Amino acid sequence: MYKTKLPENQTLATYMQKRRNMDLERQDRIFNAKIRTIGVDKEALDIQVNEKKLRKEKELEKHNTYAESMILHDKINCLLDDREKKDMYNLNKAINDFRSQFQKMEDRREFDLNDPQELKKDIPARIADDDPRLCVSGVQKMVGEDLDQPERYKCQQEQLREWLLQQQSELQKAQQEHRIREDLYDDSRIQLDRIAVELQKIDEDIRKRNAVATKEFNMKKATEKSLKKKQEKELEEQDNMAEISNVLQGDLISENPDQAISAFGPHRVIPDRWKGMNSAQLQEIRNTWEKQIHEKQRSKEEEKNHVNEWDQRRISSDRAAILMERHQTRINKGLRRAMDDTNKHLSVEQKAQNYQPLLECAFLEQVVRGHR
């Protein structure tokens, strides 16, 4: 029989209660003056050692029991798996036997669609050329695919042989005509070669004559060219001498100042021909400088006088402003004193008005007290 396993919480509570009882017993032994001894409590230690051994033995026994139960459960599971496999094998075998006996392929309703011998059992698509099953949409009969094809093929072979013989004869005739044309072409080419040789001789004679005429023409041209070059050289030397004399005697070398005058007016000059100013122009420039200096000094003096005048005006305006500010300050002080006096007078009057009802009340109280 297997031991019943207590719940975990109950086991823990039992263990804690047992531990608590042991602690209480040990406390009684230690604090009991009659049985208390000095040193180690050997009996208590022996008891603890024995209890520990017993606990270990119980735990080992429990572990062995749990291991035996696990082994037993594994054996049971293996037996159940083997039984399940055998049952499944027997079931599949029974199903296959039933199918092979009562559910054959040829007994199926759609066997004609999946019959592997369908093509062998089926009749040909066409028995004769006049088969009524040959419809246009079936495309079972095409041009040249009739049943008389062997005989037609023999006729075609015979016709092809006749055509080949005819082509051979035509080819022989064409070859003979080609040979005749080639012979005629060779004769015409020989005649043309003879004519070409004669024309070449004539052309060479003409070229020789042209060469002689060209040589004579070139000699004449060469003599004319040499004479022309000589004349041109003489003219060039004359021009150079004239140019040299013109340059030596011209305005550029002589540095004539009149050559810088522009055609747009006497006040304008040509920069690349200008030779400098004359004495009159320089004197005019000096006079202009002196005038500009005098004008600049006069303008500086006028500006200085103008600045001094504005300074005097600014100083006088500052003084007037200071005097006005002082006068305004005195006026403000007088107004402030008058306002203070007025406020004092008003405050005295207000206090007098506030004290009069109090005096009347005090007088009435004294009168009342006198009557009493």
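All of these numbers come straight from a predicted model, not from anything done at the bench.

Asker: Tell me about the overall build of the protein, residues and numbers included.
Answerer: Scanning the protein for helices and strands turns up seven helices and two strands. Moving toward the C terminus, one meets the helices and strands of the protein in the order α-α-α-α-α-α-β-β-α. Within the span of the protein, comprising 372 residues, buried residues form 3% of the whole. For the protein, contacts bridging at least 24 residues in sequence account for 7% of all contacts bridging at least 6. Approximately 36,300 Å² of the protein is accessible, and the part contributed by carbon and sulfur atoms is 56%.

Asker: Lay out a positive patch on the surface in plain terms, naming residues and giving numbers.
Answerer: Taken together, the side chains of Lys18, Arg19, Lys52, Arg55, Lys56 and Lys58 define a basic patch exposed on the protein surface. Looking at which element gives the most residues to the positive patch, the answer is helix 2 (residues 42-102), with four residues. Relative to the helices and strands, Lys18 is located in helix 1 (residues 8-31). Here Lys18 falls in the exposed class, since its relative accessible area comes to 51%.

Asker: Give a detailed account of a nonpolar patch on the surface, specifying residues and quantitative values.
Answerer: Among the surface-exposed residues, Leu192, Ile195, Leu199, Ile202 and Ile206 lie close enough to one another that they form a single nonpolar patch of about 480 Å² accessible area. Position of Ile202 among the secondary structure elements: in helix 5 (residues 149-249).

Asker: Break down the packing of aromatic side chains for me, with residues and values.
Answerer: Taken as a whole and judged by the stated rule, the model has one aromatic pair. Pairing Phe98 with Phe102 gives two aromatic rings, centres 5.1 Å apart and planes at 40°, and the pair type is tilted. You can see Phe98 and its partner Phe102 sitting in helix 2, four residues apart, about one turn around the helix. For the cation-ring pair, Arg313 lies above Trp310, with the distance from its terminal atom to the ring centre recorded as 5.3 Å.

Asker: Can you tell me about the confidence of the model for the protein, naming the residues and giving the values?
Answerer: In low-pLDDT segments, the atomic positions of the prediction should not be examined closely. Within the protein, residue pLDDT values average 81, and 80% of them lie at 70 or more. No element of the protein has a lower mean pLDDT than helix 6 (residues 251-254), which averages 60, and none a higher one than helix 2, which averages 90. Below pLDDT 50 for its whole length, residues 1-6 participates in four contacts with residues either more than four positions away or in separate chains.

What counts, and at which threshold
- Residues numbered from 1 in each chain as written.
- Predicted model: local features only at pLDDT ≥ 70, side-chain atom pairs only at ≥ 80, totals over all residues.
- Heavy atoms only, no water.
- Helix = DSSP H or I, 4+ residues; strand = E, 2+ residues; numbered from the N terminus.
- Buried < 20%, exposed > 50% of the residue type's maximum accessible area, 1.4 Å probe, protein only.
- Contact = heavy atoms within 4.5 Å.
- Areas by Shrake-Rupley, 256 points an atom, 1.4 Å probe, with all protein chains shown as cover.
- Patch = residues over 30% accessible without salt bridge, like charges linked within 9 Å, V, L, I, M, F, W, Y side chains within 5 Å.
- Salt bridge = Lys/Arg side-chain N within 4 Å of Asp/Glu carboxyl O.
- Lys, Arg positive; Asp, Glu negative; His and termini not counted.
- Charge placed at Lys NZ, Arg CZ, Asp CG, Glu CD.
- Phe/Tyr/Trp six-rings, centres within 6.5 Å; stacked < 30°, edge-to-face > 60°.
- Lys NZ or Arg CZ within 6 Å of the ring centre and 35° of its normal.
- pLDDT = per-residue confidence, 0-100.

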